[in-house]
Amino acid sequence: MLFLVRMDVNIPHDLPAAQADEIKAREKAYAQQLQRDGRWKNLWRVVGEYANYSLFDVESNDELHTLLSQLPLFPFMKIHVTPLAQHPSAIA
Ligand SMILES: O=C(O)C[C@H]1C=CC(=O)O1
């Protein structure tokens, strides 16, 4: 099942920089692990924003929820999920 996910990150200004850096490092490692195993298929930065659009390929809504809620930045994100279906005019 394919899902388009937008993540907007908002780290509080009063979070110590070292703590923010540690969370971002764990986030990067987790994101790259999921990209390597094929579930996080694409990851794009939104120009000019601390946000991304991502394409996930997972087995279920529950799997996606588990995966997203384990993101180290999850407490600091607004996440919007769009489930995708086949378009009848698509050739690929
Ligand atoms: O930077 C972001 O968009 C947030 C998050 C998503 C992947 C990652 O490494 O950090």
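Residues numbered from 1 in each chain as written. Predicted model: local features only at pLDDT ≥ 70, side-chain atom pairs only at ≥ 80, totals over all residues. Heavy atoms only, no water.

- With an unreviewed UniProt entry as reference, the protein is termed Muconolactone Delta-isomerase, source organism Malikia granosa.
- The UniProt entry for the protein carries the following comment under Pathway (unreviewed entry): "Aromatic compound metabolism; beta-ketoadipate pathway; 5-oxo-4,5-dihydro-2-furylacetate from catechol: step 3/3."
- On record in UniProt, under Sequence similarities (unreviewed entry), the comment for the protein is "Belongs to the muconolactone Delta-isomerase family." (UniProt positions renumbered as here; feature names shortened; annotations may be inferred.)

### Some remarks on the site of the ligand
Then step 1. Inspection of the region around the ligand gives Val9, Glu27, Lys28, Ala31, Trp40, Arg45, Tyr50, Asn52, Leu73 and Met77 as its neighbouring residues.
Then step 2. Between asparagine 52 and the ligand, the recorded distance is 2.8 Å, taken from a side-chain N or O atom to an oxygen atom.
Then step 3. Protein chains bury 88% of the 280 Å² of accessible surface belonging to the ligand in isolation.
Then step 4. Here the ligand occupies the largest pocket.
Then step 5. Those elements that place two or more of their residues in the shell around the ligand are helix 1 (17-36) and strand 2 (40-45).
Then step 6. Considering every element that reaches the shell around the ligand, the biggest residue donor is helix 1, with three residues.
Then step 7. For the shell around the ligand, a count of residues per class yields six nonpolar, one polar and three charged. (Near = heavy atom within 4 Å. Polar contact = N/O pair within 3.5 Å; in protein donor to acceptor, adjacent residues only side chain to side chain. Areas by Shrake-Rupley, 256 points an atom, 1.4 Å probe, with all protein chains shown as cover. 1 Å grid on protein atoms, 1.4 Å probe; cavity = no way out; pocket = protein on both sides within 12 Å on 5 of 7 lines; lining within 4 Å. Sits in = over half its atoms within 2 Å of the grid points. Helix = DSSP H or I, 4+ residues; strand = E, 2+ residues; numbered from the N terminus. Nonpolar A, V, L, I, M, F, W, Y, C, P; charged D, E, K, R; others polar.)

### Thoughts on the pattern of salt bridges
Then step 1. Per the stated rule, a full pass over the model turns up five salt bridges.
Then step 2. A salt bridge links aspartate 37 to arginine 39; the shortest N-O distance between them is 3.0 Å.
Then step 3. Owing to a relative accessible area of 40%, aspartate 37 belongs among the partly exposed residues under this scheme.
Then step 4. Residue arginine 39 is classed as partly exposed on the basis of its relative accessible area, which comes to 27%.
Then step 5. Note that glutamate 63 and arginine 39 form a salt bridge whose closest N and O atoms lie 2.9 Å from each other. Taken as a pair, glutamate 63 in helix 2 (residues 61-69) and arginine 39 in the loop between helix 1 and strand 2 lie far apart in primary sequence, 24 residues in all.
Then step 6. Assessed through its relative accessible area of 21%, glutamate 63 is described here as partly exposed. (Salt bridge = Lys/Arg side-chain N within 4 Å of Asp/Glu carboxyl O. Buried < 20%, exposed > 50% of the residue type's maximum accessible area, 1.4 Å probe, protein only.)

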